[in-house]
Amino acid sequence: TNENIENSIKTFAALKAMADVYNFVLPADAHAILKNAIDGNWEQIQRSIAQNGYDFTRYAYYTNYWYSMFYQQMYYDYSFTRIPSADELIHRYKDDYILFKYIYVPYGDDEESKASAFLKAKKILQKSADGADFDALIDEYGDDKNDYLLTYGQAKDNIENAAFALKENEVSDITETENGYFIIKRLTLTEERFLSDTEEMTQLASDYVTEKFVDLLSSYAEKISITE
């Protein structure tokens, strides 16, 4: 649509403006890669822009070259922005996570197995309510004493909802899944524990860079007007 084309024009014009402001120079060995990428999509891009009434020579170059240039720079060289600090990751993301442990009581396909598992889960929950230590209950009824970080979108809806509804050090009611019952305990998430998950922090650092880049790009694009 014309709107999509205009948004693309603004985006890639903003990329060009950012490149000029930050004096970015594309590494020499990337030119051949980008040329191949442009050549491979040349006819399709030309048709798309021409069909919407825009001058191909004015806009197609931005659509390919400048976006590819910034993609390489942002995600591989990190020359445009620094890797975020621990404090920045804590400030931006920590409140989106909780820390929890769980006890899982599986059941089979038949109703008898399911009923038996539910009674077992009720027994565990009652012991917890009576003051039993959760780790001791895991030793007796579970098989995983690790604690886990959880953020939105990483678990089944009912598990996520049950976990995030808890206050710190609170134990959930029995939460059913298709294969068994969960009892969840929410723990205190310290900054040290949050940062200790190196795999998650690597992903969050990438997310942070992307967010900052998109915010900056949007601020440039908002200043651009398109005329035929």
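Structure's up top.
My aim in this report is to walk through the structure given alongside it, one point at a time. Everything numeric here is computed off the predicted structure, so don't read it as measured data.

A tally of regular secondary structure across the protein gives 9 helices and 4 strands. The linear arrangement of helices and strands in the protein, starting from the amino end, is α-α-α-α-β-α-α-β-α-β-β-α-α. The buried share among the 228 residues of the protein stands at 37%. A sequence separation of at least 24 residues applies to 69% of the contacts in the protein between residues at least 6 apart. Accessible area for the protein stands at about 13,900 Å²; split by element, carbon and sulfur atoms hold 47% of it.

Our next topic: the layout of surface pockets. Taken as a whole, the largest pocket holds about 170 Å³ of empty space. Along the walls of the largest pocket sit F100, Y102, Y104, L150, A155, K156, I159, T177, E178, N179, F182 and I184, which together make up its complete lining. Listed by contribution, the elements that provide at least two residues to the lining of the largest pocket are strand 1 (97-106) and strand 4 (180-187). Ranked by the residues each element gives to the lining of the largest pocket, the list is headed by strand 1, at 3 residues. Taken together, the residues that form the lining of the largest pocket break down as 8 nonpolar, 2 polar and 2 charged.

It is worth spelling out helix 4 (residues 86-93) at this point. Every buried residue of helix 4 is accounted for by E88, L89, I90 and Y93. Next to the buried residues of helix 4 lie strand 1, helix 8 (191-196) and helix 9 (198-221).

The next point concerns the side chain of R186. Locating R186 in the fold gives a position in strand 4. For the buried R186, no salt bridge is present, and the opposite-charge side chain at shortest range is E168, 5.1 Å distant.

Using the criterion set out here, one finds 7 salt bridges in the structure. For R92, the salt bridge is made with E211, and the minimal N-O distance between the two is 2.9 Å. One end of the pair, R92, is in helix 4; the other, E211, is in helix 9, and 119 residues separate them in sequence. With a relative accessible area of 34%, R92 lands in the partly exposed category. On the accessibility criterion, E211 (28% relative accessible area) is partly exposed. Here D135 and K101 are joined by a salt bridge, their closest N and O atoms 2.8 Å apart. You can see D135 sitting in helix 6 (residues 134-141) and its partner K101 sitting in strand 1, a full 34 residues away along the chain. Using a relative accessible area of 25% as the deciding quantity, one classes D135 as partly exposed.

Turning our attention to the sheet that holds strand 3 (residues 175-176). If you walk across this open sheet you meet the 4 strands as 2-1-4-3, and the pairing is antiparallel. Looking at strand neighbours, the two that pair on one side only are strand 2 (148-151) and strand 3, the edges of this open sheet. Pairing geometry for strand 1 and strand 2, over 4 bridges, is antiparallel. Bridge pairing in strand 2 places I98 opposite L150. Contacting strand 1, strand 3 and strand 4, helix 5 (residues 111-129) crosses the sheet at an angle of about 20 degrees to strand 4. Across the sheet, helix 7 (residues 157-165) touches strand 1, strand 2, strand 3 and strand 4, and the angle it forms with strand 4 is around 30 degrees.

So, how was this worked out
Residues numbered from 1 in each chain as written. Predicted model: local features only at pLDDT ≥ 70, side-chain atom pairs only at ≥ 80, totals over all residues. Heavy atoms only, no water. Helix = DSSP H or I, 4+ residues; strand = E, 2+ residues; numbered from the N terminus. Buried < 20%, exposed > 50% of the residue type's maximum accessible area, 1.4 Å probe, protein only. Contact = heavy atoms within 4.5 Å. Areas by Shrake-Rupley, 256 points an atom, 1.4 Å probe, with all protein chains shown as cover. 1 Å grid on protein atoms, 1.4 Å probe; cavity = no way out; pocket = protein on both sides within 12 Å on 5 of 7 lines; lining within 4 Å. Points joined across faces, edges and corners; volume = space filled by probe spheres on them. Nonpolar A, V, L, I, M, F, W, Y, C, P; charged D, E, K, R; others polar. Lys, Arg positive; Asp, Glu negative; His and termini not counted. Salt bridge = Lys/Arg side-chain N within 4 Å of Asp/Glu carboxyl O. Pairing = 2+ DSSP bridges. Axes fitted to C-alpha atoms, helices over the stretch in contact; angles between N-to-C directions.

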